[in-house]
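# Coordinates in review
Each chain, written out:
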Amino acid sequence: MSTSVPDFAGRISRIAQQRGKCWGLAIDLWEGKESFLISIRDGEFGEFMREYFQEIGQESLAHGALMSLDVYSRGARRRTVEDDLTSFLADHETLLEGKPFYDDLVTMRDLCRRESAAWAAGDVNLGRDCRKQEFEILEGEFEMSLVGLLSKNIEVAKSHVWRTLSRIFLIFLATETGHQSSLQN
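Residues numbered from 1 in each chain as written. Predicted model: local features only at pLDDT ≥ 70, side-chain atom pairs only at ≥ 80, totals over all residues. Heavy atoms only, no water.

### A look at the packing of aromatic side chains
Going through the model one piece at a time under the given rule, you end up with 10 aromatic pairs. Taken together, a centroid distance of 5.0 Å and an interplanar angle of 75° make the contact between W23 and F172 edge-to-face. Of the two residues, W23 sits in helix α1 (residues 5-31) while F172 sits in helix α8 (residues 160-177), which places them 149 residues apart along the sequence. Across this residue pair, the class does not change: W23 and F172 are buried. One aromatic cluster is present, formed by W23, Y52, F53, F101, F142 and F172 through successive ring pairs. Looking at R79, its charged tip hangs above the ring of Y72, at a distance of 4.2 Å from the centre. (Phe/Tyr/Trp six-rings, centres within 6.5 Å; stacked < 30°, edge-to-face > 60°. Helix = DSSP H or I, 4+ residues; strand = E, 2+ residues; numbered from the N terminus. Buried < 20%, exposed > 50% of the residue type's maximum accessible area, 1.4 Å probe, protein only. Lys NZ or Arg CZ within 6 Å of the ring centre and 35° of its normal.)

### Regarding the nonpolar core
Looking at soluble globular proteins, one finds that nonpolar side chains tend to be buried together. W23, F45 and M49 are the most contacted members of the largest nonpolar core, which totals 45 residues. Mapped onto this core, the elements with two or more residues apiece are α1, α2 (34-41), α3 (44-55), α4 (59-75), α5 (81-95), α6 (102-120), α7 (124-156) and α8. Of all the elements, α8 adds the most residues to this core, at 9 residues. Setting aside chain neighbours within four positions, we find M49 in contact with C22, L25, L66, I168 and F172. (Core = buried A, V, L, I, M, F, W, Y, C linked by side-chain atoms within 4.5 Å. Contact = heavy atoms within 4.5 Å.)

### Overview of α2
Along α2, the positions that sit buried rather than exposed are F36, L37, S39, I40 and R41. Directly after α2, the chain includes G43, whose backbone phi takes a positive value near 90°.

### Points about the pattern of salt bridges
In total, this model carries 14 salt bridges according to the counting rule given. Here R14 and E55 are joined by a salt bridge, their closest N and O atoms 2.9 Å apart. Taken together, the residues span a long stretch of sequence, with R14 in helix α1 and E55 in helix α3 at a distance of 41 residues. R14 gets classed as partly exposed once you look at its relative accessible area, which sits at 37%. R131 is the salt-bridge partner of E176, the closest N and O atoms lying 3.7 Å from each other. Separated by 45 residues along the polypeptide, E176 in helix α8 and R131 in helix α7 bring together distant segments of the chain. For R131, a relative accessible area of 18% gives the class buried. Members of the salt-bridge network, linked through shared partners, are R19, E115, R131, E134 and E176. (Salt bridge = Lys/Arg side-chain N within 4 Å of Asp/Glu carboxyl O.)

### As for the packing of α3 against α8
Angle between the axes and distance between the axes: these two values describe a pair of packed helices. Closest axis-to-axis distance for the α3/α8 pair is 12 Å, and the angle between their directions is 25°. One finds that α3 runs roughly parallel with respect to α8. Considering the relative orientation of α3 and α8, their crossing is left-handed. Where α3 approaches α8, its residues F45, M49, Y52 and F53 are matched on the opposing element by L165, I168, F169, I171, F172, T175 and E176. Among the residues forming the contact of α3 with α8, the class breakdown is 9 nonpolar, 1 polar and 1 charged. (Axes fitted to C-alpha atoms, helices over the stretch in contact; angles between N-to-C directions. Parallel < 35°, antiparallel > 145°, perpendicular 65-115°, else oblique. Left-handed = near helix turned anticlockwise from the far one by under 90°. Nonpolar A, V, L, I, M, F, W, Y, C, P; charged D, E, K, R; others polar.)

Here is the structure:
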């Protein structure tokens, strides 16, 4: 049975919307928002990322990192928010000093949102153009620079949650680009 064009466009719109949210979550990480840390502690972040990876058929890539994040979330009831925030922000200052690539993250989030809206409105040409622009940004220095930063964070982060988050965003980046060679960490 074939998928109708409206069904296909709806699914592409939904996935683009989810991808935009993933880029938005990366922005929240870059900003060091307490609300982002709370979403990790309460499991909301992990659940969203799990659902996203399942939606695109890539849950096996993220399984280990998401299970590790689940352990962190379950242990949150034995730690205070203040202790987790102090640990999170201590690594944040070291790992994301100067918020590298922040503007590119915002651009990717916004393009995904535009792409989603275009597909939802039935504007196939605009949807494709937005996706093409996303790939052009990723194919520049942004992808490799972000891979380098996330890989370095996995190696030098003091807190386990930072290493796990870096892995999750590295996996997300691999699913965005199709370049899974960056997943060696």
